[in-house]
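The primary structure of each chain is shown beneath.
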Amino acid sequence: MSLMIPYESLKILNRPFEEKLKGKLSDFLDKGWYILGEEVAAFEKEFALYHDEQYCVGVANGLDALILALKCCGFKPGDEVIVPSNTYIATILAIIHCGLTPVLVEPDLRTYNIDPLAIPDAISSKTVAIMVVHLYGQCCEMDPIMEIAKDHQLKVIEDCAQAHGAKYKGKLAGTFGDFGAFSFYPTKNLGALGDAGAVICKSEEDYQKLRQLRNYGSEKKYHNGVIGYNSRLDELQAAFLRIKLPHLDEINQHKRKLAAIYFEVLNDSFVKPKLDEDYYNVYHIYNILHPERDKLKEFLAAHQIATEIHYPVAPQDQVALKDYLQHFDYPVSANIHQSTLSLPCSFAHTEAEIRHVADILNQFSS
């Protein structure tokens, strides 16, 4: 193959939906209703139904989904929220924006998700919640996490930005805890054509709070009951998401088929994701670990294969967070950040392309 294999191509990814997307845009222009209309209401119902849940609130993006979920809980400034030490910065930013204190806990190197065995030691008298992150498309080990939360009376907020349709023991990500927060950033398995997000919740009370919080704290126009935000799911993005939602399982199955090729072809010099029958991984990201990650990335680029790093800088090393985190050693997280490499694994890729990537990877010599 002589052409560059991109890490992701949104143009190719959205091509199967192009005609319907154009039709929705035309309908949108004809209706002239741009904010919190029937498309948002319909998507909320359909996304809730997909998860066999009753309540879903569309918001502007994934970060806002996390912030509004935390705001719903009514925590006090300085309360502590446990969060994995290798997460994307947005998870931690949400905690900080709510005046809370992030407490980092190491992941399990086999799954890259928060290690349930490490959580109890991080719990203090100030701990109020665990914010789990279903990273790369694989659910966290939720049974022991939910037991810990129950024993210590902690809220559980799930960051599901990378786990649309992922399952743990047959149960969907976002349906375990008090809140499931989703991003529909364009590269997600269920991606909009811009920023978009949603929150799944369990109770009517939280549902109404979320609806107020996203719309200036208003339940009735010009009547503001709480200090709110402007964080509304865009009507046009909701319309686009409604087109793609019925295809989410198809998208996930395609990505799982591509991942299976990596598992089959890649040699044992690469650390591949953990396979376990308890987990239905949707491979938002197919990552490997290699001690010479940077050389490997350059080698693949020389062979016209694009890759990404999720993520090159650990949270505790981010300049923006230096005054907000306890600066302990996080060796598991450090290992992941220094050696992880994300390979092409998209709805836009073909099986032949992924076999080619795997064959080239096997040619790499340290």
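Criteria and thresholds
Residues numbered from 1 in each chain as written. Predicted model: local features only at pLDDT ≥ 70, side-chain atom pairs only at ≥ 80, totals over all residues. Heavy atoms only, no water. Helix = DSSP H or I, 4+ residues; strand = E, 2+ residues; numbered from the N terminus. Buried < 20%, exposed > 50% of the residue type's maximum accessible area, 1.4 Å probe, protein only. Contact = heavy atoms within 4.5 Å. Right-handed = clockwise from strand over helix to strand, strands pointing away. Pairing = 2+ DSSP bridges. Salt bridge = Lys/Arg side-chain N within 4 Å of Asp/Glu carboxyl O.

J.: Explanation requested: the side chain of Asn281 in the structure shown.
T.: Counting through the fold element by element, Asn281 comes out in the loop between strand E12 (279-280) and strand E13 (286-289). For Asn281, a relative accessible area of 6% puts it in the buried group. Aside from chain neighbours lying at most four places away, what touches Asn281 is Tyr136, Gly137, Gln138 and Arg256.

J.: In this structure, what is going on with the pairing of strand E5 (residues 155-159)? I would like to understand it.
T.: Looking down a regular strand, the side chains alternate between one sheet face and the other. Among the 5 residues in E5, 4 count as buried, and that is most of the element. With helix H6 (residues 142-152) bridging strand E4 (residues 127-133) and its parallel neighbour E5, the resulting β-α-β unit is right-handed. Bridging between E5 and strand E8 (residues 179-183) involves 3 bridges; their strand directions are parallel. The residue of E8 that forms the bridge with Glu158 is Gly180.

J.: It is not clear to me how the pattern of salt bridges should be interpreted in this structure. Could you clarify?
T.: Here the idea is simple: oppositely charged side chains can pair when their charged atoms come close. Evaluated as defined, the whole model comprises 20 salt bridges. Of the charged contacts in the structure, one is a salt bridge between Glu39 and Lys24, with a shortest N-O distance of 2.9 Å. Placement of the pair is Glu39 in helix H3 (residues 38-50) and Lys24 in helix H2 (residues 18-31), with a sequence separation of 15 residues. For Glu39, a relative accessible area of 6% translates into the label buried. Across the salt bridge formed by Asp178 and Lys155, the nearest N and O atoms sit 3.9 Å from each other. Of this pair, Asp178 sits in the loop between strand E7 (171-172) and E8 while Lys155 sits in strand E5, and the two are 23 residues apart along the sequence. For Lys155, a relative accessible area of 30% puts it in the partly exposed group. One salt-bridge network, in which partners are shared between bridges, spans Lys24, Lys31, Glu38, Glu39, Glu46 and Arg242.

None of the figures reported here should be taken as evidence of function without further support.
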